[in-house]
Amino acid sequence: MFGMPRRLLFGYLALAVFMTGDGFELTFLSRFLVESGFSATQAGLVFTVYGLVVAFSAWTTGVLAEVVGARRLMVLGGVLWMVLHALFLTVGLQSVIGTILIYSLRGVAYPLFMYSFVVLIAQSVHPSRLASAMGWFWASFSLGIGVMGAYVPSLLVPVIGEYATLWASLIFVAAGTAMCAFLVPGAPPEADRSRELAREGRTRELLRGVTILVENRQIALSVVIRVLCNLTLYAFPMMMPLYLTTDEVGGQAWFSLPEWMTLWAITNAITIVSNIMWGRLGDRFGWMRQMRWYGFGGMAIATLAFAYFPVWFGASFALMIVPAVLFALSVTAFVPMGAIFPALAPEHRGAAISAHNLASGLTTFAGPGIATALLPVIGPIGVCWAFAGLMVLGTLTTFFIHPPQPGITTETGRMLPRRERLANAA
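Here the structure is a predicted model, which is why all the values come from computation and not from measurement.

How each quantity is defined
Residues numbered from 1 in each chain as written. Predicted model: local features only at pLDDT ≥ 70, side-chain atom pairs only at ≥ 80, totals over all residues. Heavy atoms only, no water. Helix = DSSP H or I, 4+ residues; strand = E, 2+ residues; numbered from the N terminus. Expected span 1.5 Å × (residues − 1). Bend = angle between axes of the 7 residues up to and from the residue. Phe/Tyr/Trp six-rings, centres within 6.5 Å; stacked < 30°, edge-to-face > 60°. Buried < 20%, exposed > 50% of the residue type's maximum accessible area, 1.4 Å probe, protein only. Patch = residues over 30% accessible without salt bridge, like charges linked within 9 Å, V, L, I, M, F, W, Y side chains within 5 Å. Areas by Shrake-Rupley, 256 points an atom, 1.4 Å probe, with all protein chains shown as cover. Salt bridge = Lys/Arg side-chain N within 4 Å of Asp/Glu carboxyl O. Contact = heavy atoms within 4.5 Å.

Remarks on helix α16 (residues 349–397)
So, step 1. A rise of 1.5 Å per residue sets the reference length of α16, with its 49 residues, at 72 Å; its end C-alpha atoms lie only 23 Å apart and thus fall more than 12% short of the reference.
So, step 2. Where α16 bends most, at Ile378, the angle is about 120°, and the proline Pro380 comes one to four residues later.

This is the structure:
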């Protein structure tokens, strides 16, 4: 079904529902904190520390999922998220320190759920179809955190307020966790290494999630481009509500908060289709070329368009859809990243995915971190130029990474002749 492994259908659904709850706060939490007495810098710090904890949790998830079982770790992550979210709303919001501490601790939870499913996909799908399967993964992620996670709060906030809306997110996280526990199958027996690792030594395998960055140069470079490719995806939900709906960081109130939330929901709605599209195209015509030109090139242009369209055209919501569409089409061109890491180290798949997850976590830290550090110095437009420059750096880095791709490259990652690639894609 367009590259989706049917065996994991309920896993994709569980991910979408879980990430809906996790995404409730993204489009309004920074503004909510500022209105609650935080400074813009303090609000940015909350997101930055949270991203740092996410990075650490994501790094360990790939190997942990192979050690203890991917589905079991998903359920654990869901339960931990609910407990820490309740503590965040009841205790954490009482002070800046409490907010940073408990909200950042909650950052341990969602990577356990989300990235354990990446391991389950890698264990269940043939490498030649892995980018397509990862396309569905990111489509489910976008449907949850980006579309429903932005659209549902845009309906609830005007009615019940921001604080009550944060409580409502627990309903979706609980539902996604329950679906995972009762409807998602575990890894196929031949791919489940948990018993084997128990015999060999789990500590050694956990350490490999660190040492693989030194042992495998291609993995290390892939970490760099994985961090760069999603910087704005995590910086914009923190930065753009302040830039587009207030005058806190040098922007203007061109749009209302519900309008921004709707714009972000539209962006993520497009990614549902484009994730699937790019997954199929990457499997058929090449992972790296797709990311190099359509991913990094498109993201550089889209980032600058977000900065300049409101300046050039004012409060035109219709015209802001243009950079939103370009952003969605470009950011999803990086779908093959989830296939590249295990392809570069097939003998240590869990460690390779841990490196992928580390990079995914680091981008949630680095995106808001860069924005928080640079906003007071060069303003929001300057920050967008900085992100565009990093996209150019990502383009250059892709020339040094050569993953083996069935039907597209040789075993050393060099491209097959064009005629042979086209025959394989047919």
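A word on the packing of aromatic side chains
What describes a pair of aromatic rings is the distance from one ring centre to the other and the angle between the planes of the rings.
So, step 1. For the structure shown, the criterion picks out 24 aromatic pairs.
So, step 2. Each ring, one from Phe137 and one from Trp138, has its centre 4.9 Å from the other, and the planes form 85°; the classification is edge-to-face. Side by side, Phe137 and Trp138 carry an identical accessibility label, which is buried.
So, step 3. When the ring of Phe309 is compared with that of Trp312, the centres are 6.2 Å apart and the planes differ by 40°; the resulting orientation is tilted. Placement of both Phe309 and Trp312 in helix α13 (residues 287–313) is noted, with a separation of three residues, approximately one turn of the helix.
So, step 4. Looking at Phe309, the relative accessible area reads 15%, which means it is buried.
So, step 5. Under the relative-accessibility criterion, Trp312 is labelled exposed at 55%.
So, step 6. Feature note: the residues Tyr12, Phe117, Phe137, Trp138 and Phe141 constitute an aromatic cluster, connected by ring pairs.

Re a nonpolar patch on the surface
So, step 1. Residues Trp293, Tyr294, Val392, Leu396, Phe399 and Phe400 make up a contiguous nonpolar surface patch of about 670 Å² in total accessible area.
So, step 2. Secondary-structure elements contributing two or more residues to the nonpolar patch are α13 and α16.
So, step 3. Mapping Leu396 onto the fold places it in helix α16.

Some details on the environment of Ala371
So, step 1. The residue Ala371 is located in helix α16 in this model.
So, step 2. Sequence separation of Ala371 and Thr48 is 323 residues, and the distance between their C-alpha atoms is 9.4 Å.
So, step 3. Not counting residues up to four positions away in its chain, the partners in contact with Ala371 are Ala235, Met238, Met239, Val383 and Phe387.

Some remarks on helix α3 (residues 40–68)
So, step 1. If you check α3, its first and last C-alpha atoms are 40 Å apart, about what 29 residues at 1.5 Å a residue would give, namely 42 Å.
So, step 2. Along α3, the sharpest kink reaches roughly 40°, centred on Thr61.
So, step 3. Downstream of α3 by one or two residues, Gly69 has phi in the positive range, about 105°.

Looking at the pattern of salt bridges
So, step 1. Applying the stated criterion across every chain, the model contains two salt bridges.
So, step 2. Between Glu25 and Arg106 there is a salt bridge whose closest N-O contact spans 2.7 Å. Placement of Glu25 in the loop between α1 (9–22) and α2 (29–35) and of Arg106 in helix α5 (residues 96–106) is noted, with a sequence separation of 81 residues between them.
So, step 3. Of the residues examined, Arg106 reaches a relative accessible area of 0% and is grouped as buried.

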